[in-house]
Amino acid sequence: MPAAPPFRSFLEPGQFVLHPDHPEWGRGQVQSAIGHRVTVNFEHQGKMLIDASIVALTILS
């Protein structure tokens, strides 16, 4: 059985996102996205490391 390709987040630094389980954190700006590890700076929570293979952040347009 071939190995699955490594997870790659579609998020890019500078994008604004919301955490679906924590709307009280407010809007967050992606600081970095390396593999499944996404660092986001949220308005009311500060900098958080998110596992994008588990949490589907909502991109704001």
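Residues numbered from 1 in each chain as written. Predicted model: local features only at pLDDT ≥ 70, side-chain atom pairs only at ≥ 80, totals over all residues. Heavy atoms only, no water.

As annotated in an unreviewed UniProt entry, the protein chain carries the name DUF3553 domain-containing protein and is attributed to Nguyenibacter vanlangensis.

### Concerning the packing of aromatic side chains
Convention followed: The aromatic pairing rule takes the rings of Phe, Tyr and Trp, using the six-membered ring of Trp, and pairs them if the centres are within 6.5 Å, calling planes under 30 degrees apart stacked, those over 60 edge-to-face and the rest tilted. When the NZ atom of lysine or the CZ atom of arginine is within 6 Å of a ring's centre and also within 35 degrees of its normal, the charge is said to sit over that ring.
Evaluated as defined, the whole model comprises one aromatic pair. One Lys or Arg, Arg 27, reaches over the ring of Phe 16 and ends 4.0 Å from the middle of that ring.

### Focus on the side chain of Thr 39
Let me state the cut-off plainly: Helical segments are the DSSP runs of H or I of at least four residues, strand segments are the runs of E of at least two, and each set is numbered from the N terminus. Two residues qualify as a contact provided that any one of their heavy atoms is within 4.5 Å of a heavy atom in the partner residue.
With respect to the element layout, Thr 39 can be found in strand β3 (residues 37-42). Excluding anything up to four places from it in sequence, Thr 39 contacts Gln 29, Val 30, Gln 31, Ser 32, Lys 47, Met 48 and Leu 49.

### Observations regarding the nonpolar core
Here is the rule: Definition used in this section: a nonpolar core is a set of buried Ala, Val, Leu, Ile, Met, Phe, Trp, Tyr and Cys residues joined via side-chain atoms within 4.5 Å. Whether a residue is buried, partly exposed or exposed follows from its accessible area with a 1.4 Å probe, protein chains only, as a fraction of its type maximum: under 20%, in between, or over 50%, in that order.
Counting eleven residues, the largest nonpolar core consists of Leu 11, Val 17, Trp 25, Val 30, Val 38, Val 40, Phe 42, Ile 50, Ala 52, Val 55 and Leu 57. In terms of residue count, β3 provides more of this core than any other element does, three residues in total. What Leu 57 contacts, discounting residues up to four positions off in sequence, is Leu 11, Val 17, Leu 18, His 19, Pro 20, Val 38, Val 40 and Ile 50.

### Here's the deal with the pairing of strand β4 (residues 46-51)
What counts is decided by this rule: Strand pairing is assigned whenever DSSP detects at least two bridges linking the two strands.
As paired strands, β3 and β4 are joined by six bridges and run antiparallel to one another. Directly across from Asn 41, in β4, lies its bridge partner Lys 47. Hairpin geometry of β3 and β4 is characterised by an intervening segment of three residues between the two adjacent antiparallel strands.

### Brief notes about the sheet that holds strand β1 (residues 16-18)
Taken in spatial order, the five strands line up as β4-β3-β2-β1-β5 in an open sheet, and their pairing is antiparallel. Each having just a single partner strand, β4 and β5 (58-59) make up the two edges of the open sheet. Looking at chain direction, strand β2 (residues 28-34) and β3 are connected through six bridges and run antiparallel. Across the sheet, residue Ile 34 finds its bridge partner in β3, namely Arg 37.

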